[in-house]
Amino acid sequence: MEVKDYCKAMLAEVTAWKEKLEAMKKVADTYGSAEKEKILPLIGQLEQEVTAAQARVDQLENECPSDWSPIKNELDDLFGTTGSSVDRAWRDLEAGNVGG
């Protein structure tokens, strides 16, 4: 896989996460203040993880190293962890399990 193709795929995933986080914020806005206080820190943490993932993809895309396998491995791990966190938080939020 080419670096540019990989970056394009990863940026699409980051965009999907951002959309999910925005939806989570809208759901959280419907909650009372006690529930909001539980969920907003989680959303903030997830936003930081998504921002970090996007920064690494941007770095890879801009630097475009000839041997990018170490960065790809790091990103694959990061994306697996972050993706699982976002998906789990979304499921919990939809199920009404505020704050874990």
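Definitions and limits used
Residues numbered from 1 in each chain as written. Predicted model: local features only at pLDDT ≥ 70, side-chain atom pairs only at ≥ 80, totals over all residues. Heavy atoms only, no water. Helix = DSSP H or I, 4+ residues; strand = E, 2+ residues; numbered from the N terminus. Contact = heavy atoms within 4.5 Å. Areas by Shrake-Rupley, 256 points an atom, 1.4 Å probe, with all protein chains shown as cover. Lys, Arg positive; Asp, Glu negative; His and termini not counted. Charge placed at Lys NZ, Arg CZ, Asp CG, Glu CD. Salt bridge = Lys/Arg side-chain N within 4 Å of Asp/Glu carboxyl O. Buried < 20%, exposed > 50% of the residue type's maximum accessible area, 1.4 Å probe, protein only. pLDDT = per-residue confidence, 0-100. Core = buried A, V, L, I, M, F, W, Y, C linked by side-chain atoms within 4.5 Å.

A.B. asks: When you look at the overall build of the chain in this model, what are you seeing that I'm missing?
C.D. replies: On a plain count of helices and strands, the chain comes out with three helices and zero strands. Secondary structure elements of the chain occur, N-terminal to C-terminal, as α-α-α. A separation of at least 24 residues holds for 75% of the contacts in the chain among residues at least 6 apart in sequence. If you sum the accessible surface of the chain, you get close to 6000 Å²; carbon and sulfur atoms cover 49% of it. Seen as two clouds, the 12 positive and the 20 negative side-chain charges of the chain have centres 4 Å apart.

A.B. asks: Would you take a moment to explain the pattern of salt bridges for this structure?
C.D. replies: Oppositely charged side chains can form a pair if their charged atoms are brought close together. This structure, assessed with the given rule, holds six salt bridges. Close ionic contact of aspartate 29 with lysine 36 constitutes a salt bridge, the shortest N to O distance being 3.8 Å. Judged by relative accessible area, lysine 36 falls into the partly exposed class, the value being 24%. Taken together, the shared-partner salt bridges in this structure form one network comprising Glu22, Lys25 and Glu47.

A.B. asks: Can you help me understand the confidence of the model for the chain in this one?
C.D. replies: A low pLDDT score tells you not to read the predicted coordinates there in detail. Put simply, the chain has an average pLDDT of 85, and 96% of its residues get 70 or more. Looking over the chain, one finds the lowest element-wise mean pLDDT in helix α3 (residues 69-95), namely 85, and the highest in helix α1 (residues 3-29), namely 88.

A.B. asks: What's the story with the nonpolar core in this structure? I'm lost.
C.D. replies: Generally speaking, nonpolar side chains in soluble globular proteins are found buried as a group. Counting 24 residues, the largest nonpolar core has Trp17, Met24, Leu60, Leu75 and Phe79 as the members making the most contacts within it. For this core, the secondary structure elements donating two or more residues are α1, α2 (33-63) and α3. Ranked by the residues each element gives to this core, the list is headed by α1, at nine residues. In contact with methionine 24, other than residues within four places in its own chain, are Ile43, Leu46, Ala89, Trp90 and Leu93.

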